[in-house]
Amino acid sequence: MKKVKTAYVCRNCGSHQPGWVGKCPDCGEWNSMVEEILKKEPSLRRPVFAGESKPSRIIDLPDQSGGRLATGMDEMDRVLGGGIVEGSMVLIGGDPGIGKSTLLLQLSGNIAMDETVLYVTGEESPRQIKIRAKRLGINPPSLLVYPETNIEMITAQIKAVLPKLVVIDSIQTVYTELMPAAPGSVGQLRESTAILTQTAKHLNVPVFLVGHVTKEGAIAGPRVLEHMVDTVLYLEGDRDHHFRVLRSVKNRFGSAQEIGVFEMREGGLAEVKNPSEIFILPRAAAVSGSIITCAISGTRPILVELQALVTPTSFGHPRRTAVGLDYNRVVLMAAILQKRAGLSLDSEDIYVSAAGGVRVDDPGSDLALAAALTGSFRNIMLEKNSVFMGEVGLGGELRPVSSLHMRLKEAARMGMARAIIPSLSPDEALSGKHGGMEILTMDHVGNLTDFL
């Protein structure tokens, strides 16, 4: 028999190595090398549409800037940048059971009311899809369920049906006969996605791919998989809570910082039109270490409650824990407060959390984080209807934030009584009140106690 040639492929970056190594020399990932069989054939060039394309002058290409397909869900349209672009590849990942299949089945049902949708299932039987669709109240005649995992069969069906949307649930279950490896391997994921991408671009059919995630929270498979698609979405949330956040981390047709908020109900995922209401729940009394800020996510201002607990450590080394915020940002803010504001935090345990399960990455929330740490350390009961917005520099100085007018407008709409912003903010934000809200300014974190 002819000897079988194998190579070791990195699951993170897709690089090939002749032998197994503990650390990938290209991306530096540990324990990411898997063995795959090499098979040299001319068919690996993926001639799905060989000879069907030719160069075109850019002035002759049609302008399809407005050609987006509405999903029937405003939150999904917001994250996608205004709707689904024809011929786009969208990869959606999330933890098992978070609601990826439910969300895509609802999306397919909305579009199938007027157009044909091909739902390719590789993990569930058509009967299981029917049971979920019945529970969600989805029964359009144009929704086609296709149980198949062979990518060549799937591609042929797409060319025959020419649907308005294709859903692949999931990309880890499909395989191509061009590769001898098992479904879900690095080579199969790369080749199958390449074939689907070529099909989507030539037929102008948008394709949604469901991707499994690893224990670290990243989409399983080589990193090149995220580079091949146009949009990467993550459905986040705790399965013990009802709210889900759909976050965009890559989008060639819109903002990569947008989020959509959904609530898991018996009838599926329901849109949350006003996320600020769920992230700042009403409280019976003021609590030390609890501060409200207005963060910008893409083009949307959202009021978020930051909670901090500062308590003397019981061990030799103080702990620092952050949930929903960047850990390094919390450590940096504690160092700034100790150096510039005189707070002795080097012997204190610090626990910081963003209420509601949302993740806050906006630099404009620095002042709120500093105020929460200061209030908890000093045990100051803060006013319930105050909102803090500002970026903190290493010297403790406050810097203005972007989209301040939008933040103040949202804070006033949610009934905030006063807003504390940097002194260097634009004049239009400093002058007067916004919807009856008092505007206070400060220039240094050392003055925080005067505003708590």
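Draft legend 1. A look at the nonpolar core. Ranked by size, the top nonpolar core spans 44 residues in total, and within it Leu373 and Phe388 carry the most contacts. Ignoring sequence-local partners within four residues, the contact set of Leu373 consists of Ala308, Val310, Met333, Ala334, Leu337, Ile350 and Val352. One finds Ile129, Leu136, Phe208 and Val210 within the second-largest nonpolar core, a separate group that totals 31 residues.

Draft legend 2. Up close: helix H2 (residues 100-111). Between its terminal C-alpha atoms H2 stretches 17 Å, which fits the 16 Å expected from twelve residues at 1.5 Å a residue. Burial within H2 is extensive, with eleven of its twelve residues counted as buried. Of all the residues in H2, the buried ones are Lys100, Ser101, Thr102, Leu103, Leu104, Leu105, Gln106, Leu107, Ser108, Gly109 and Ile111.

Draft legend 3. Region of interest: the pattern of salt bridges. A full pass over the atoms with the stated rule returns 14 salt bridges. Of the charged contacts, one joins Asp60 and Arg57 as a salt bridge, the two residues approaching to 2.8 Å between their closest N and O atoms. Note on Asp60: relative accessible area 49%, which makes it partly exposed. With a closest N to O distance of 2.7 Å, Asp362 and Arg407 form a salt bridge.

Draft legend 4. Quick look at unusual backbone geometry. In this model, Asp169 is joined to Ser170 through a cis peptide bond whose omega is 5°. With respect to the secondary-structure elements, Ser170 resides in the loop between strand E9 (165-169) and helix H5 (186-203). Backbone geometry places Leu162, a non-glycine residue, at a positive phi of 50°. Along the chain, the position of Leu162 falls in the loop between helix H4 (151-161) and E9. One non-glycine residue, Ser403, lies in the positive phi region at around 50°. Classification of Ser403 as partly exposed rests on a relative accessible area of 34%.

Draft legend 5. How the structure looks around the sheet that holds strand E12 (residues 243-251). Taken together, nine strands build an open sheet; the order of strands is E8-E7-E9-E10-E6-E11-E12-E13-E14 and the sheet is mixed. In this open sheet, the two edge strands, each paired with only one partner strand, are strand E8 (143-147) and strand E14 (268-271). Sheet twist, expressed as the mean angle between neighbouring strand axes with direction ignored, is 25°. Bridge analysis of strand E11 (residues 231-236) against E12 gives six bridges, and the strand direction is antiparallel. Along E12, the bridge assignment pairs Glu236 with Val245. Packed onto the sheet, H4 meets strand E7 (117-121), E8 and E9 and runs at close to 160° relative to E8.

Draft legend 6. Region of the structure containing the pairing of E7. When you tally the buried positions in E7, you get five out of five residues, the bulk of the element. Here E7 shows a buried face lined by Val117, Tyr119 and Thr121 and a second buried face lined by Leu118 and Val120. Sheet topology places E7 next to E8; five bridges connect them, and they run parallel. When the bridges of E8 are listed, Leu118 appears paired with Leu144. For the crossover from E7 across helix H3 (residues 126-136) to E8, the handedness is right-handed. The pairing of E7 with E9 spans five bridges and is classified as parallel. The residue bridging Tyr119 from the neighbouring strand is Val167, located in E9.

Reading the values: the criteria
- In every chain, residue numbers begin from 1 and rise along the written sequence.
- Where totals are concerned, whole chains, interfaces and linings use all residues; where local detail is concerned, this predicted model gives features only for residues with pLDDT of at least 70, and gives and counts side-chain atom pairs only at 80 or more.
- Calculation of side-chain values draws on the structure's entire complement of heavy atoms; hydrogens and water are dropped beforehand.
- The set of buried Ala, Val, Leu, Ile, Met, Phe, Trp, Tyr and Cys residues whose side-chain atoms join them within 4.5 Å is what this entry labels a nonpolar core.
- When a residue's accessible area, from a 1.4 Å probe over protein chains only, is under 20% of the maximum for its type it is buried; when over 50% it is exposed; and in between it is partly exposed.
- We call two residues in contact when some of their heavy atoms are within 4.5 Å.
- Numbering of helices and strands runs from the N terminus; a helix is a DSSP stretch of H or I covering at least four residues, while a strand is a stretch of E covering at least two.
- Given the number of residues in a helix, its expected span is that number minus one, multiplied by 1.5 Å.
- Each salt bridge in this description consists of a side-chain nitrogen of Lys or Arg and a carboxyl oxygen of Asp or Glu lying within 4 Å of one another.
- Note on pairing: DSSP must find at least two bridges between two strands before they are called paired.
- Angles here are taken between N-to-C directions and fall from 0 to 180 degrees, while the axes themselves are lines fitted to C-alpha atoms, restricted in helices to the stretch in contact.
- When the strands point away from the viewer, a crossover counts as right-handed if the path from the first strand over the helix to the second runs clockwise.

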